[in-house]
Amino acid sequence: MPIDVNGLHAVWQALHQGNRFFVAGHLNPDGDSVGSTLAVCSLLKRMGKTAYAYAAPSVGADLQFLPGMTDLHVAQLPAGQTFDTVVMLECSDKKRGGDLDAFLQAAQRVVHIDHHAVSDPYGHVNYIDTQASSTAEIIFQLFEESDGEFLPTPDEATCLYTGVATDTGRFVHTNTTPEALRVAAALAALGADVNTVNDHIYFTKPYAELKLLGRALEKMQLKFDNRYSEILLTKQDFEAFAAQPAQAQGIVSQPTMIPGVEVSALLKEEPAHISVNLRSRGAVDVSQIAKQFGGGGHARAAGCKLAGQTLQQAADALARVVQYALTPR
């Protein structure tokens, strides 16, 4: 378990020691971030604790079915409340959760749980397992740390199963390890509603999301001997279909199905920055590309944000780094 700093037992102890918890995932949260946040907050409440579940905007419509979503405060920071413990889930650095400095500084303890290869151990208690498929996989192992005192309820199992399934791409990415499959099977046995997860995540898409996908594929360009796919989405592209940035999440993986494409990039024009998602077929470690722009992630899936540039300027800067990564040495 590379970068494991304090151990999973230290995380379990921190949950016992705290009384008032603020639990947050990363900006524009995915199934792993939201599912893990909801499961942790549910566990804490069953332990007799107070827990505030927070998500920075925006949460996709495909995740609204998750049990406990009514308790998730999206873009609503608690006013006038204090917390002795802050739990940060897959926020590889403090900024990835949004502007939470006031809560982090006021807390007696910060618990940082992550599975990204590039991750800063900024918490008082840190558990970073870069071999884990997802944060949800780690949270299930955290339940196991209770030695049978707590098992995931069917609702918690559904949330965690969503995290494992989405981060492994429905069990097709290279992070689909024996442990990931063990955890998924255990969650299904505990009552995870696998059929509902599949229906909402993979077989239900809003009109706007499908139209945005069509626009994106129309704008796709291949570069560097067709080894690099680039898609640029402007504010106008989103406005044309009343689509949200979260609805573009799966687009970046589409071009990697093209034979010969080794790296795929999706650049989205957002109000304060250009958001970049990267995918690799395996030959190129895109986390190292993202790192050059202040981002991070995994070898095959990473991201970053570029500020102070136009969409085209950001695309040109990224393309230069990708071209270098694709150049044999």
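Examining the pattern of salt bridges
Point 1. Summed over all chains, the structure comprises 11 salt bridges.
Point 2. The salt bridge involving Arg46 is made with Glu156; its shortest N-O contact spans 2.7 Å. A residue pair is termed long-range when its members are at least 10 positions apart, and Arg46 in helix α2 (residues 31-46) and Glu156 in helix α5 (residues 154-167) qualify at 110 residues.
Point 3. Taking relative accessible area as the criterion, Arg46 reaches 36% and is therefore assigned partly exposed.
Point 4. Since its relative accessible area comes to 2%, Glu156 is described here as buried.
Point 5. Lys223 is paired through a salt bridge with Glu230; the nearest N and O atoms lie 3.0 Å apart.
Point 6. The class for Glu230 is buried, based on a relative accessible area of 2%.
Point 7. Overlapping salt bridges bring together Glu144, Glu179 and Arg182 as one network.

Concerning the side chain of Ser119
Point 1. Inspection of the secondary structure assignment puts Ser119 in the loop between β5 (109-114) and β6 (125-128).
Point 2. Within the structure, the side chain of Ser119 is placed 3.4 Å from the side chain of His112, a separation counted as a polar contact.
Point 3. At a separation of 2.6 Å, a polar atom in the side chain of Ser119 contacts the side chain of Asp114.
Point 4. Sequence-distant contacts of Ser119, defined by excluding residues within four places in its chain, comprise Ser92, His112, Asp114 and Ile128.

Points about the pairing of strand β4 (residues 85-89)
Point 1. Among the five residues of β4, five are classified as buried, and the element is accordingly described as predominantly covered.
Point 2. Alternating residues of β4 divide into Thr85, Val87 and Leu89 and Val86 and Met88, and every residue in both groups is buried.
Point 3. As judged from the four bridges shared by strand β1 (residues 20-24) and β4, these two strands associate in the parallel manner. Across the sheet, the residue bridging to Phe22 is Val86, located in β4.

Some words on the state of the cysteines
Point 1. Applying the stated rule across the entire model yields zero disulfides.
Point 2. Its sulfur unpaired, Cys41 is 10 Å from the next cysteine sulfur, which belongs to Cys159.

As for the sheet that holds strand β3 (residues 72-74)
Point 1. In spatial order, the strands read β3-β2-β1-β4-β5-β6; together these six strands make up an open sheet with parallel pairing. Every other strand in the sheet has two partners, leaving β3 and β6 as the edge strands with one partner each. Neighbour to neighbour, the strand axes of the sheet diverge by 20 degrees on average, direction disregarded.
Point 2. Along the sheet face, helix α4 (residues 135-144) touches β4, β5 and β6 and points at about 120 degrees away from the line of β5.

Notes on the packing of α4 against helix α6 (residues 178-189)
Point 1. It is the contact of α4 with α6, at a shortest axis distance of 10 Å, that shows an interaxial angle of 65 degrees. Where α4 crosses over α6, the two elements pack in a sense that is left-handed. Contact with α4, carried on its side by Glu137, Phe140, Gln141 and Glu144, involves Glu179, Ala180, Arg182, Val183, Ala186 and Leu187 of α6 and no other residues of that element.
Point 2. Split by residue class, the contact of α4 with α6 holds five nonpolar, one polar and four charged.

Parameters and conventions
- Along each chain, residues carry numbers from 1 onward, in the same order as the chain's sequence is written.
- Residue-level local features of this predicted model are given only where pLDDT is at least 70; pairs of side-chain atoms are given and counted only at 80 or more, and the full residue set underlies all totals for whole chains, interfaces and linings.
- Side-chain numbers come from the whole structure's heavy atoms, not from hydrogens or water.
- What makes a salt bridge here is a side-chain nitrogen of Lys or Arg within 4 Å of a carboxyl oxygen of Asp or Glu, nothing more.
- Numbered from the N terminus, helices here are DSSP runs of H or I no shorter than four residues, and strands are runs of E no shorter than two.
- Each residue's exposure class comes from its accessible area (1.4 Å probe, protein chains only) as a fraction of the maximum for that residue type: buried when under 20%, exposed when over 50%, partly exposed otherwise.
- What qualifies as a polar contact is a pair of N or O atoms within 3.5 Å, subject to a donor-acceptor requirement within protein and to the restriction that residues adjacent in sequence count only when both atoms come from side chains.
- Whether two residues touch is decided by their heavy atoms; if any such pair falls within 4.5 Å, the residues are in contact.
- Two strands are counted as paired when DSSP detects at least two bridges linking them.
- Sulfur atoms of two cysteines make up a disulfide when they are within 2.5 Å.
- Each axis is a line fitted through C-alpha atoms, and for a helix only the stretch in contact is used; angles between axes span 0 to 180 degrees, taken between their N-to-C directions.
- The crossing is said to be left-handed when, going from far helix to near helix, the turn is anticlockwise and less than a right angle, and right-handed when the turn is clockwise.
- In this count, Pro and Cys sit with the nonpolar residues alongside Ala, Val, Leu, Ile, Met, Phe, Trp and Tyr, while Asp, Glu, Lys and Arg are called charged and the others, Gly among them, polar.

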